[in-house]
Amino acid sequence: MRLRVSQAEKYDYTDVVALTMVGEGVEARPALPVRVMEEAGWYPPPVGAEVEVELAQEPGGLDEWEIALSGVLLKRGEGLVAYTFGGLLLTLRGAVGEPPRKVYLKLRRAREG
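The sections below set out a description of the structure shown in this document. Here the structure is a predicted model, which means the values were calculated and not measured. (Residues numbered from 1 in each chain as written. Predicted model: local features only at pLDDT ≥ 70, side-chain atom pairs only at ≥ 80, totals over all residues. Heavy atoms only, no water.)

1. Some remarks on the nonpolar core
Phase 1 of the analysis: Counting 27 residues, the largest nonpolar core has Leu 19, Met 21, Trp 42, Phe 85 and Leu 107 as the members making the most contacts within it.
Phase 2 of the analysis: Sequence-distant contacts of Phe 85, that is, excluding residues within four places in its chain, are made with Leu 69, Ser 70, Gly 71, Leu 90, Val 103 and Leu 105. (Core = buried A, V, L, I, M, F, W, Y, C linked by side-chain atoms within 4.5 Å. Buried < 20%, exposed > 50% of the residue type's maximum accessible area, 1.4 Å probe, protein only. Contact = heavy atoms within 4.5 Å.)

2. Brief notes about the layout of surface pockets
Phase 1 of the analysis: Counted as a void, the largest pocket has a volume near 290 Å³.
Phase 2 of the analysis: Residue lining of the largest pocket: 20 residues in total, with Leu 55, Val 81, Leu 92, Ala 95 and Val 96 positioned closest to the centre.
Phase 3 of the analysis: Among the elements that line the lining of the largest pocket, the one with the most residues is strand β4 (residues 50–56), at four residues.
Phase 4 of the analysis: In terms of residue class, the lining of the largest pocket is made up of 13 nonpolar, four polar and three charged.
Phase 5 of the analysis: Looking at the second largest pocket, its volume works out to about 220 Å³.
Phase 6 of the analysis: Elements supplying a minimum of two residues to the lining of the second largest pocket: β2 (16–23), β3 (26–33) and β7 (88–93).
Phase 7 of the analysis: Partitioning the lining of the second largest pocket into residue classes produces eight nonpolar, three polar and one charged. (1 Å grid on protein atoms, 1.4 Å probe; cavity = no way out; pocket = protein on both sides within 12 Å on 5 of 7 lines; lining within 4 Å. Points joined across faces, edges and corners; volume = space filled by probe spheres on them. Helix = DSSP H or I, 4+ residues; strand = E, 2+ residues; numbered from the N terminus. Nonpolar A, V, L, I, M, F, W, Y, C, P; charged D, E, K, R; others polar.)

3. Describing the packing of aromatic side chains
Centre distance and the angle of the planes are the two values used to describe a pair of aromatic rings.
Phase 1 of the analysis: Applying the stated rule across the entire model yields one aromatic pair.
Phase 2 of the analysis: A centroid spacing of 6.1 Å and a plane angle of 45° characterise the contact between Tyr 11 and Tyr 13, whose relative ring orientation is tilted.
Phase 3 of the analysis: Against the face of Trp 65 rests Arg 108, its NZ or CZ located 3.8 Å from the ring centre. (Phe/Tyr/Trp six-rings, centres within 6.5 Å; stacked < 30°, edge-to-face > 60°. Lys NZ or Arg CZ within 6 Å of the ring centre and 35° of its normal.)

4. What about the sheet that holds strand β8 (residues 102–109)?
Phase 1 of the analysis: Pairing in this closed barrel of eight strands is antiparallel, and the strands run β1-β2-β3-β7-β6-β5-β8-β4 around the ring. Going from strand to strand, the sheet's axes swing by 35° on average, the running direction of each strand aside.
Phase 2 of the analysis: As defined by bridge partners, β3 adjoins β7 across four bridges and the pair is classed as antiparallel. Paired with Glu 27 across the strands is Arg 93, a residue of β7. (Pairing = 2+ DSSP bridges. Axes fitted to C-alpha atoms, helices over the stretch in contact; angles between N-to-C directions.)

5. What to know about the environment of Arg 111
Phase 1 of the analysis: Here Arg 111 is to be found in the segment after β8.
Phase 2 of the analysis: Note: C-alpha distance between Arg 111 and Glu 50 (61 residues apart in sequence) is 8.9 Å.
Phase 3 of the analysis: A polar side-chain atom of Arg 111 sits 3.1 Å from the main-chain carbonyl oxygen of Glu 64. (Polar contact = N/O pair within 3.5 Å; in protein donor to acceptor, adjacent residues only side chain to side chain.)

6. Examining the side chain of Lys 106
Phase 1 of the analysis: By secondary structure assignment, the location of Lys 106 is in strand β8.
Phase 2 of the analysis: Residue Lys 106 is classed as buried on the basis of its relative accessible area, which comes to 1%.
Phase 3 of the analysis: Only 2.7 Å separates the side chain of Lys 106 from the backbone oxygen of Gly 60, close enough to count as a polar contact.
Phase 4 of the analysis: Excluding residues that lie within four positions of it along the chain, Lys 106 makes contacts with Glu 52, Val 53, Glu 54, Ala 56, Glu 58, Pro 59, Gly 60, Leu 62, Trp 65, Ile 67 and Ala 68.

Structure (structure tokens):
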């Protein structure tokens, strides 16, 4: 799915950035370590940029993505799903359907075409 980064909030005490990304009726809020963002060329955070986000049950094609994390379902509720990636959280609002227990979060800058 294609989302736009609308906000970035840095938590200095943990050196983590929480990105708010919106689009397609979904709000995704992943927390990413600054070090990972720097290595991927995402730091400073790309506020205003369009990004591609994929949540997959299989890791296939990780080389095509700039950031990839594996995580497990933490919580699900009315229109809200939360995953943990080794203590880093991803919350999804507006998500529909039965969320998978294990996922791979894949992120990259949106490609043309």
